Amino acid sequence: MANATPLLSQSELSQPLSPSSSIESETPSVEKVLPSLDEFIEQSIGGFAWAQLLHAILVSLAWLFDGQQTFISIFTDAEPTWHCNHLSTEDCNSGSNICLLPKTAWEWDKPAYTFFISEWSLECVNSIIKGLPATSFFMGCLLGGFLLAPVADSSFGRKNMLFLSCLTMSVAALLTVFSTNIWMYSALRFISGFGRASIGASALVLSTETVGNAWRGQVGTIGFLCCTLGFLSLPAMAYMNRSSSWRLLYVWTSIPAIFYCLLIRFLVCESPRWLFMQGRKEEALATLEKLAPMENNTSLKSLDLCLSGALLKQEKMKMNLHLSIKMLLEKRWASRRLLAVMVIAFGIGIMYYGMPLGVGNLAYNLYLSVTLNVLAEMPSSLITMFYIGKWSRRSSVLALTTISGVSSIMCVVVGHGMKELQVGLELISFFCACTVFSVLMIYTLELFPTCVRSLAVAMVRQALMSSGTVSTILIAAGKTNAFLSYGVFGLLILCCGLFVVCLPETKGLSLCDTMEEQEHKEANAC
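None of the values given here were measured: they were computed from a predicted structure.

Enquirer: Would you mind going over the state of the cysteines with me for this structure?
Expert: One covalent bond between the sulfur atoms of two cysteine residues makes up a disulfide. Inspection of the entire model under this criterion finds one disulfide. With a sulfur-sulfur separation of 2.2 Å, C99 is cross-linked through a disulfide to C124. Note on the C99 and C124 pair: the S-S dihedral is about -120°, so by sign convention the disulfide is left-handed. Note that C99 is positioned in the loop between β1 (82-84) and β2 (106-108) and C124 in the loop between α7 (116-119) and α8 (127-130), a separation of 25 residues in sequence. For C166, which is in no disulfide, the shortest distance to another cysteine sulfur is to C261 and amounts to 3.8 Å. In this structure C432 is a free cysteine whose sulfur lies 9.2 Å from that of C434, the closest cysteine sulfur available.

Structure (structure tokens):
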């Protein structure tokens, strides 16, 4: 990197080239006033055409299958209910310890194959073992994120990463149907989580890099809405299959996802920004031709003339795995910024994953409580979509994390004696967590340049995944002490949300492509 040609600043690009300029000497045909890469792409796709909308929706559909696999364990791994049969003694009642009763004294309310716990006779094993499949999924997400996070910024690309991740997750989910014991089941959930790790980051970055700055926030929230729809589909499918095998849920969610992978492979376009950064100018221009509004197509050829090979060489920086990581760690402002965002994401993730996964601890109808949670998440996505352009990023994150944390702690204070109020507070807390989750992901996109954007977004999602792993442990502990689940959830999101004061405001600012351009823009802003 020390020998790399320094990038031209925005002010230098807007000035006429001097006769002594090396760029002019190499490419005398370049125009006197040259657009930067960001200006070039913004001029090409700054509007919003139907092709861009359809492409954004197609890419964002990956979130739907992501949401299904993330929350499917709410139903497949649920604790089955039981009842005393006619052979039971007086010692058998609803409050009895099932493990202390003879097998002939009780029966499952539903067929044994409905849940894996009853199918494999795991009713008396440790709660950690029962929660192993869900924990394995999040552990897979954690490892997959660390290994796959930088790949989308390297020569592999956003589209290929999205295709491979979605295919791995879907195939592993389908193979789960053939599990014969909890260890095989957990291993396949781990693989599914490993593949799922980079889906959200790849889809978010790919969808937002194919539209102009004015539409970036709205397009980014399409993915969150799709994730909500995927979550919403689960209680409906689970209710329709409530007396069938838990394996069927994996069939209904994995097969459509596999077919969706084919759509990614043949219909989705690669990010033009990423293609330019890789020096693949012809492919980038072809992609812009497909996505650009009709009135802008005529200007693409003239803009191509303005980007000579020498100028493109100045503005692009071929990325690889090690260089992406090195750039984030070497730049102090970038590493501090990433650490702050990851801490905030950890607190949000505790609430975002812990609330729906722990609704069984509220002693409320499982199908109804999950449906209410999903219905709380859906308006949060819509509100974010329409108001993200008006909201201050920092103030929104601080306010929403505070409300979410206070509401979660109040769930513990109220207790089971007031079920309706407790569920209402839980829904308020989850609604705020969903909203701030959407805001934070858009915020992360704006905080980092193109050369490390996928890596930064993926690392933030890693923080979310690590909190998902922690939340499964807290939920198990919360079965006996409510404060260890909802109380701890609230305290964590309150404390982590305070780190937003360390971050700059990005509302209304344009995206940068290189670290130097980001530094130059922020220096001018100061």
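Picking up where we left off.
Enquirer: Help me understand helix α20 (residues 332-357), please; the structure alone is not making it clear to me.
Expert: Working note: α-helix, 3.6 residues per turn, so residues spaced by three or four point in the same direction. Taking 1.5 Å as the rise per residue, α20 with 26 residues should run 38 Å; its terminal C-alpha atoms sit 37 Å apart, in good agreement. The largest bend in α20 is about 25°, located at I348. With respect to burial, α20 is a largely interior element, 20 of its 26 residues being buried.

Enquirer: Help me understand the packing of aromatic side chains in this model?
Expert: How two aromatic rings sit relative to each other is given by the distance of their centres and the angle of their planes. Considering all chains together, one arrives at 24 aromatic pairs under this definition. Centroid distance F116 to Y185: 5.3 Å. Interplanar angle 65°. Geometry classified as edge-to-face. A residue pair is termed long-range when its members are at least 10 positions apart, and F116 in helix α7 and Y185 in helix α11 (residues 182-196) qualify at 69 residues. In this structure, F116 and Y185 share a single accessibility class: buried. Here the aromatic rings of F116 and W246 are separated by 6.2 Å at their centres, their planes lie at 65°, and the arrangement is edge-to-face. Linking F116 in helix α7 with W246 in the loop between α13 (216-240) and α14 (247-267), this pair joins segments that are 130 residues apart in sequence. By the burial criterion, F116 is buried, and W246 matches it. Over the ring of Y239 we find R242; its NZ or CZ atom is 4.0 Å from the centre of that ring. Looking at R265, its charged tip hangs above the ring of F266, at a distance of 5.9 Å from the centre.

Enquirer: It is not clear to me how the pattern of salt bridges should be interpreted in this structure. Could you clarify?
Expert: When their charged atoms lie close together, side chains carrying opposite charge are able to pair. All told, the structure shown has five salt bridges when counted by the stated rule. In this structure, R196 and D66 form a salt bridge, with 2.9 Å as the shortest nitrogen-oxygen distance. You can see R196 sitting in helix α11 and its partner D66 sitting in helix α5 (residues 62-71), a full 130 residues away along the chain. Assigned by exposure class, R196 and D66 land together as buried. We note a salt bridge from D66 to R461, for which the minimum N-O separation is 3.3 Å. Within this pair, whereas D66 is found in helix α5, its partner R461 is found in helix α24 (residues 450-477), the two being separated by 395 residues in sequence.

Thresholds applied
- Residues numbered from 1 in each chain as written.
- Predicted model: local features only at pLDDT ≥ 70, side-chain atom pairs only at ≥ 80, totals over all residues.
- Heavy atoms only, no water.
- Disulfide = S-S within 2.5 Å.
- Helix = DSSP H or I, 4+ residues; strand = E, 2+ residues; numbered from the N terminus.
- Expected span 1.5 Å × (residues − 1).
- Bend = angle between axes of the 7 residues up to and from the residue.
- Buried < 20%, exposed > 50% of the residue type's maximum accessible area, 1.4 Å probe, protein only.
- Phe/Tyr/Trp six-rings, centres within 6.5 Å; stacked < 30°, edge-to-face > 60°.
- Lys NZ or Arg CZ within 6 Å of the ring centre and 35° of its normal.
- Salt bridge = Lys/Arg side-chain N within 4 Å of Asp/Glu carboxyl O.

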